[in-house]
Amino acid sequence: MRASFTLGRILGIPIGVHSSWLVAFALIAWSLAAGYFPHQYPGWTVAMYWLVALFTTVLFFASVVIHELGHSVVARREKVDVLSITLFIFGGLAQIAREPPTAGAEFRIAIAGPITSFGLAAVLTLLGSLGTAGSVSSAPFVYLGWINFLLATFNMIPGFPLDGGRVLRAILWKFGGDFQAATRRASVVGRLVAFGFIFLGMWQILAGNFLNGLWIAFIGWFLNNAAESSYLQVALRDLLAGVQARDVMTQDCATVPGDMSLSRLVHDYILGTGRRCFLVGQGGSIQGLVTLHNIKGTPREQWADVTASQVMTPVESLQRARVDEDVLSLLQRMEQADVNQMPVLDDGDVKGMVSREHLLRYIRTRSELGV
């Protein structure tokens, strides 16, 4: 879930927003301004309904961030790095650098979010009760108190990867002693819960409640995909455990001179060999890396006049791998940096190249062979 843009940092953690969040923000604000507040508090002006709705929507997503910060603070205490928090159409997602080291750590990290939301619900409900019933000052807090209670309760449903599903995995892991088996069983339960949401949504649609039914079915679809992909991630970690960059790198790294034109590079090297990246060298030293991405940034009519050194990524700016680096760590860095290949260095010398395409072939081959 890559963020489309970043709002800032809290406790050093980047807070990002996925483009789908804009849809969620608009839908929630509209439903509050046109439905909930006019029904609960008749007599306000249209402008007031929208003003309170927008204020409440902002606070709602602030509550989601606080929920994810609850997870993040505990994760850091368990020595698990938190890479980012991203808001998207279904709420929020805290991305951690690795799986928790123990079942106890998994349980504490998972339960922290719902506990935080239950605490928020109590505080917001109290704030709502301090104002005059039905007033503009109390209405947002009354709504948010109830919504945070529902958010915490929903997240405790044992549907992996919801918080309740992770709590279930922690319990299965603790008593079974097998992380992967616990993940598989929690994922099965998560998919059953997801199918339950899909069937409930379809029933709502057939009963005439189309929008609510569609939304519930959509949540079920998302949970099913999330449960399946979460297990596949764990299976991938198990498959690549102990594999290092030296095991998957290609050693036939082609080097081209920096003064080679893009036109010659494309027609004589790329089209003929199918390679997508080349080291750029001059006088025995490596100056940088040129890829299809670099070339596509230059208009085709200029290829004859532009050289590889002019469009390459300089060596000092390159994401580089060590020969003994764990492939899982390498994959994660490639994903974070949004690059498709990395040179593998040993004492400053280029020993090979790791590409995402080659890694996928390696994973597919090992999976097919069962090794």
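Residues numbered from 1 in each chain as written. Predicted model: local features only at pLDDT ≥ 70, side-chain atom pairs only at ≥ 80, totals over all residues. Heavy atoms only, no water.

Moving on, we get to the sheet that holds strand E1 (residues 5-10). Pairing within the open sheet is mixed, and its four strands lie in the order E1-E2-E3-E4. Both edges of this open sheet fall to E1 and strand E4 (91-96), since each of them pairs with a single strand only. Strand-to-strand, the axes of this sheet are offset by a mean angle of 25 degrees, without reference to chain direction. Two elements, strand E3 (residues 82-88) and E4, share six bridges in a ladder whose sense is antiparallel. Across the sheet, residue Ile85 finds its bridge partner in E4, namely Ala94. Contacts from helix H2 (residues 46-77) reach E1, strand E2 (13-17), E3 and E4 within the one sheet, and its direction differs from that of E3 by about 160 degrees. (Pairing = 2+ DSSP bridges. Helix = DSSP H or I, 4+ residues; strand = E, 2+ residues; numbered from the N terminus. Axes fitted to C-alpha atoms, helices over the stretch in contact; angles between N-to-C directions. Contact = heavy atoms within 4.5 Å.)

Counting 35 residues, the largest nonpolar core has Leu32, Phe37, Trp44, Phe60, Phe61, Ile85 and Leu87 as its most contacted members. Listing elements by their share of this core, those giving two or more residues are E2, helix H1 (20-40), H2, E3, helix H3 (103-130) and helix H4 (139-155). Looking at this core element by element, the count peaks at ten residues for H2. The residues touching Phe60, leaving out its near neighbours within four places in the chain, are Ile28, Leu144 and Ile147. (Core = buried A, V, L, I, M, F, W, Y, C linked by side-chain atoms within 4.5 Å. Buried < 20%, exposed > 50% of the residue type's maximum accessible area, 1.4 Å probe, protein only.)

Attention shifts here to a nonpolar patch on the surface. The grouping of Val23, Leu27, Trp30, Val46, Trp50, Leu54, Trp215, Phe218 and Trp221 at the surface amounts to a nonpolar patch, some 890 Å² of accessible area in total. Those elements that provide at least two residues to the nonpolar patch are H1, H2 and helix H7 (210-239). Checked against the element boundaries, Val46 lands in helix H2. (Patch = residues over 30% accessible without salt bridge, like charges linked within 9 Å, V, L, I, M, F, W, Y side chains within 5 Å. Areas by Shrake-Rupley, 256 points an atom, 1.4 Å probe, with all protein chains shown as cover. Salt bridge = Lys/Arg side-chain N within 4 Å of Asp/Glu carboxyl O.)

Right, let's get into helix H9 (residues 262-273). Every buried residue belonging to H9 is among Leu262, Leu265, Val266 and Ile270, and all of these are buried. An end-on view of H9 places all buried positions within 90 degrees of arc, on one side of the element. Buried residues belonging to H9 abut strand E5 (255-257), strand E6 (277-282), strand E7 (285-291), helix H10 (292-296) and helix H11 (308-311). Following H9 by one or two positions, Gly274 adopts a phi angle in the positive range, close to 85 degrees. (Arc of directions from axis to C-beta.)

Unoccupied space between atoms shows up once a probe the size of one water molecule is rolled over them. Empty space within the second largest pocket amounts to approximately 790 Å³. Secondary-structure elements contributing two or more residues to the lining of the second largest pocket are E6, E7, H10, strand E11 (349-355) and helix H13 (356-369). (1 Å grid on protein atoms, 1.4 Å probe; cavity = no way out; pocket = protein on both sides within 12 Å on 5 of 7 lines; lining within 4 Å. Points joined across faces, edges and corners; volume = space filled by probe spheres on them.)

Here the focus is the packing of helix H6 (residues 179-206) against H7. Contact pair H6 / H7: the axes reach a minimum separation of 7 Å and the direction vectors enclose 165 degrees. On the basis of the axis angle, H6 is roughly antiparallel to H7. Helix-helix and strand crossings are classified by hand; for H6 and H7 the assignment is left-handed. Residue classes in the contact of H6 with H7 are distributed as 18 nonpolar, nine polar and four charged. (Parallel < 35°, antiparallel > 145°, perpendicular 65-115°, else oblique. Left-handed = near helix turned anticlockwise from the far one by under 90°. Nonpolar A, V, L, I, M, F, W, Y, C, P; charged D, E, K, R; others polar.)

Our next topic: the side chain of Thr307. Relative to the elements of secondary structure, Thr307 occurs in the loop between H10 and H11. At 3.5 Å, the side chain of Thr307 forms a polar contact with the backbone oxygen of Gly258. Here Ser309 takes part through its side chain, which lies 3.2 Å from a polar atom of the side chain of Thr307. Leave out the neighbours within four places in its chain, and Thr307 touches Gly258, Asp259, Met260, Ser261 and Leu262. (Polar contact = N/O pair within 3.5 Å; in protein donor to acceptor, adjacent residues only side chain to side chain.)

On to the sheet that holds strand E8 (residues 313-314). Read from one edge of the open sheet, four strands run E5-E6-E7-E8, paired in mixed fashion. Unpaired on one side and paired on the other, E5 and E8 mark the two borders of the sheet. Of the pairings in the sheet, the one linking E7 to E8 comprises two bridges and is antiparallel in character. Each residue of the ladder has a partner; that of Leu289, found in E8, is Thr313. Packing against the sheet, H9 makes contact with E5, E6 and E7, and its axis sits at approximately 135 degrees to E6.

Before going further, it helps to examine H4. Because an α-helix completes one turn every 3.6 residues, residues spaced three or four positions apart along the sequence face the same direction. Helix length check: H4, at 17 residues, gives a terminal C-alpha distance of 24 Å against a target of 24 Å (1.5 Å per residue), a fit within 8%. Burial in H4 covers these residues: Ala139, Pro140, Tyr143, Leu144, Gly145, Ile147, Asn148, Leu151, Ala152 and Asn155. Of the surrounding elements, those touching the buried residues of H4 are H1, H2, H3 and helix H5 (163-176). (Expected span 1.5 Å × (residues − 1).)

What follows concerns the packing of aromatic side chains. By the definition in use, this model includes 19 aromatic pairs. Judged by centre distance (6.0 Å) and plane angle (40 degrees), the ring pair of Phe37 and Tyr41 falls under tilted. Taken individually, Phe37 and Tyr41 each receive the classification buried, so the pair is uniform in this respect. Linked through ring pairs, Tyr36, Phe37, Tyr41, Trp44, Tyr49 and Tyr143 together constitute an aromatic cluster. (Phe/Tyr/Trp six-rings, centres within 6.5 Å; stacked < 30°, edge-to-face > 60°.)

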